[in-house]
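A look at the structure
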Amino acid sequence: MASTSVTLPVYMRVGNTEEILIGDFTADLMNGAGALRYGRPELAALLRAAADEIEAPSGEDGEVPDAAADA
């Protein structure tokens, strides 16, 4: 049976901040059945990667750890 996949964006919002795109989740759709095969391991990996990025950011996000000390 052939299958088609769909890619869904996953956004995260913390408190009153603006939503940020944390990644895309790709799920397989079964043709003819209209059923979604839920990829729990893939979604869990995406959320783990987002949590890791929150705990230890890998990129420059413009935030200064102690802006008052730098002034």
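This is a predicted model, so every value here is computed, not measured.

1. Points about the overall build of the protein
Counting its regular elements, the protein contains 2 helices and 3 strands. Reading the protein from its N end, one meets helices and strands in the order β-β-β-α-α. Within the protein, the proportion of its 71 residues that are buried is 11%. Sequence-distant contacts in the protein: of pairs separated by 6 or more residues, those separated by 24 or more amount to 25%. Surface accessibility of the protein: about 5,800 Å² in total, with carbon and sulfur atoms responsible for 54%.

2. Some words on the nonpolar core
Counting 5 residues, the largest nonpolar core is built from Val 10, Phe 25, Ala 27, Leu 43 and Leu 46. Listed by contribution, the elements that provide at least two residues to this core are β2 (20-30) and α1 (40-55).

3. Some words on the pattern of salt bridges
Tallied over the full model, the rule gives 1 salt bridge. Note that Glu 19 and Arg 13 form a salt bridge whose closest N and O atoms lie 2.6 Å from each other. For Glu 19, a relative accessible area of 39% translates into the label partly exposed.

4. Some words on the layout of surface pockets
Considered as a void within the structure, the largest pocket measures approximately 330 Å³ in volume. At the level of secondary structure, the elements contributing two or more residues to the lining of the largest pocket comprise β2 and α1.

Definitions and cut-offs
- Residues numbered from 1 in each chain as written.
- Predicted model: local features only at pLDDT ≥ 70, side-chain atom pairs only at ≥ 80, totals over all residues.
- Heavy atoms only, no water.
- Helix = DSSP H or I, 4+ residues; strand = E, 2+ residues; numbered from the N terminus.
- Buried < 20%, exposed > 50% of the residue type's maximum accessible area, 1.4 Å probe, protein only.
- Contact = heavy atoms within 4.5 Å.
- Areas by Shrake-Rupley, 256 points an atom, 1.4 Å probe, with all protein chains shown as cover.
- Core = buried A, V, L, I, M, F, W, Y, C linked by side-chain atoms within 4.5 Å.
- Salt bridge = Lys/Arg side-chain N within 4 Å of Asp/Glu carboxyl O.
- 1 Å grid on protein atoms, 1.4 Å probe; cavity = no way out; pocket = protein on both sides within 12 Å on 5 of 7 lines; lining within 4 Å.
- Points joined across faces, edges and corners; volume = space filled by probe spheres on them.

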